[in-house]
Amino acid sequence: MPVACTADPLDSLDAVGELAALARIIPRLPESAATLLGPGDDAAVLAAADGRYVVTTDMMIHGPDFRTAWSTMHDLGWKAAATNLSDVAAMGARPTALVVALAAPGGTPVAELEAFADGMRDACAALAPGCGVVGGDLSVSSVLTIAVTAFGDLEGRAPVTRSGAGEGDVIAVSGPLGLAAEGLALLFERGVDATGAPDAAAAARLRAEHPEPLSAQLAPRPPIADGPLAARAGATAMLDLSDGLALDARRVARASGVGLDLDGALLAAAGPHALAGGEDHSLLATFPAEVAAAGLPGGFVEIGRVVAAPLDSAGAPAPAVLVDGRAVDERGGWDPFADWSGQAG
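Everything in this summary refers to the structure shown in the same document. Quick caveat, the model's predicted, so the values are computed rather than measured. (Residues numbered from 1 in each chain as written. Predicted model: local features only at pLDDT ≥ 70, side-chain atom pairs only at ≥ 80, totals over all residues. Heavy atoms only, no water.)

1. What about the sheet that holds strand S8 (residues 237–241)?
Rule in force here: Two strands qualify as a pair provided DSSP detects at least 2 bridges between them. Helix and strand assignments come from DSSP, with helices taken as H or I runs of at least 4 residues and strands as E runs of at least 2, each series counted from the N terminus. The contact rule is simple, with two residues in contact once any of their heavy atoms fall within 4.5 Å. In this description, a line fitted to the C-alpha atoms serves as the axis of each element, helices being fitted only across the stretch in contact, and the angle between N-to-C directions of two axes falls anywhere from 0 to 180 degrees.
Pairing within the open sheet is mixed, and its seven strands lie in the order S8-S10-S7-S11-S9-S12-S13. Looking at which strands have only one partner, the edges of the open sheet turn out to be S8 and strand S13 (326–327). Strand direction decides the pairing type here: S8 and strand S10 (residues 282–287), joined by five bridges, are antiparallel. Its bridge partner lying in S10, Asp-240 is registered against Leu-283. Relative to the sheet, helix H8 (residues 226–233) contacts strand S7 (170–174), S8 and S10, its axis offset from that of S10 by approximately 5 degrees.

Pasting the structure below:
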């Protein structure tokens, strides 16, 4: 679907062409402090004193991942950066660089692409100073599609994976639980017109009335700095809560072969979406009990304990997520393959 805009059609991507558009977009993108050779060649060259780096990639597609009636292009640039920065931080690494590929309808105003670049720049400056965009690609498509690859420096530390949680560890989270899902629920309930289609005017009213959950959904602020802090403090496992606490915690449980027993009272206090809501991009980590006793790093707060994996009906260990000792059977979280209705807007 073309991006809705009343801008001059002579300033569209179709009219100005790729080279002229890139000449306007690239200067707006943030520079990486690790750059040895930046945009303009066949590949970027980055410094990595550690000799290792982490790399991750993620896509955002109009329809299953965002609606242009609800998100501005600045929102999309911010979120595209933030969600990838969070995956790097979840490994305990410091984000150093992003590569972005963007395919937009030919009628997209270049000013909208500039706003997207500004969103990426502002997110990097706010969440991961020193990280920048070092290259990418621009193409044309009938569906607005964003693909970002992020790189990070482990700074001499071992990566923090999902598989290191051990019985007796403390489970902790940095960032909100369920706030982004609250914002999405508001958009689907009240950010639509009489036919149920996403509506820009209704979404604008919601932003004014409910700024916190709407911002958490459309322009999240993951606690990027807390990833390296957790690694330095001795986190045994960590991941980015992109798909919801129940779904993502189950990934840690299975990778580590344990049970993750969450505190029901704390979840209830966080709100109705705390367990199954997705897209918070908070950090879930496990820490040895002695680390927690001395004080969890950054914004991490305790929400449960790692326990032995419960046994299934055959008496075999069955890694699982529990709440107050009871297994969480529902899937929880967001799965675009199962949950997207096919409607855009």
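2. Considering helix H9 (residues 245–256)
Side chains that are three or four residues apart share a direction in an α-helix, a result of its 3.6 residues per turn. Counted only if it meets this: One less than the number of residues in a helix, times 1.5 Å, gives the span that helix is expected to have. Relative accessibility thresholds used throughout: buried, under 20% of the residue-type maximum; exposed, over 50%; partly exposed, between the two (1.4 Å probe, protein chains only).
Taking 1.5 Å as the rise per residue, H9 with 12 residues should run 16 Å; its terminal C-alpha atoms sit 16 Å apart, in good agreement. In terms of burial, H9 is largely enclosed, as nine of its 12 residues are buried. Elements that come into contact with the buried residues of H9 comprise S8, strand S9 (258–262), helix H10 (264–270), S10, strand S11 (301–308) and strand S12 (320–323). Looking at the residues trailing H9, positive phi occurs at Gly-257, about 70 degrees.

3. Remarks on the pattern of salt bridges
Short version of the rule: Here a salt bridge means any side-chain nitrogen of Lys or Arg lying within 4 Å of a carboxyl oxygen belonging to Asp or Glu.
All told, the structure shown has 17 salt bridges when counted by the stated rule. Where Glu-279 meets Lys-79, a salt bridge forms, and the shortest distance between an N and an O atom there is 3.1 Å. Residue Glu-279 is found in the loop between H10 and S10, and its partner Lys-79 is found in helix H3 (residues 73–89); the two are separated by 200 residues along the sequence. Neither Glu-279 nor Lys-79 differs from the other in exposure class; each is buried. The shortest N-O distance in the salt bridge between Arg-94 and Glu-155 comes to 2.7 Å. You can see Arg-94 sitting in strand S4 (residues 94–104) and its partner Glu-155 sitting in the loop between strand S6 (145–153) and S7, a full 61 residues away along the chain. Overall, the relative accessible area of 33% leaves Arg-94 in the partly exposed class. Here the salt bridges share partners, and the residues they tie into one network are Asp-11, Arg-24, Arg-28, Glu-114, Asp-118, Arg-121 and Asp-122.

4. Structural notes on the nonpolar core
Heads up, the condition is: Residue types Ala, Val, Leu, Ile, Met, Phe, Trp, Tyr and Cys, when buried and joined through side-chain atoms within 4.5 Å, form a set referred to as a nonpolar core.
Of all hydrophobic cores here, the largest spans 40 residues; its most connected members are Leu-76, Leu-98, Leu-113, Phe-116, Met-120 and Ile-146. Within the residue set of this core, elements represented by two or more residues are helix H2 (18–25), strand S3 (54–61), H3, S4, helix H4 (110–127), strand S5 (132–140) and S6. If you tally residues by element for this core, the top one is H3, at nine residues. The residues touching Leu-113, leaving out its near neighbours within four places in the chain, are Leu-13, Ile-25, Met-73, Leu-102, Ala-104, Thr-108 and Leu-138. Grouped together as the second largest cluster of nonpolar side chains are 24 residues, Leu-177, Ala-253, Leu-275 and Leu-284 included.

5. Overview of the sheet that holds S6
Read from one edge of the open sheet, four strands run S3-S6-S4-S5, paired in mixed fashion. Since the sheet does not close on itself, it has two edges, and those belong to S3 and S5, each with one partner. Shown here is a sheet whose adjacent strand axes are inclined to one another by a mean of 15 degrees, direction ignored. Note: S3 against S6, eight bridges, orientation antiparallel. Counterpart to Met-59 in the pairing with S6 is Ala-147. Relative to S3, H3 is tilted by about 145 degrees, and along the sheet it contacts S3, S4 and S6.

6. Remarks on the packing of aromatic side chains
The condition that has to hold: Aromatic pairs are defined between Phe, Tyr and Trp rings, using the six-membered ring for Trp, whenever the two ring centres lie within 6.5 Å; interplanar angles under 30 degrees are classed as stacked, those over 60 as edge-to-face, and all others as tilted.
Applying the stated rule across the entire model yields three aromatic pairs. Centre to centre, the rings of Trp-70 and Phe-188 are 5.1 Å apart; their planes meet at 90 degrees, and the pair counts as edge-to-face. One end of the pair, Trp-70, is in the loop between S3 and H3; the other, Phe-188, is in helix H5 (residues 179–190), and 118 residues separate them in sequence. The exposure class of Trp-70 is buried, given its relative accessible area of 5%.

7. Thoughts on the side chain of Arg-250
Among the structural elements, Arg-250 can be located in helix H9. For Arg-250, the residues in contact, after removing those within four places along its chain, are Leu-245, Val-321, Val-328, Glu-330 and Arg-331.

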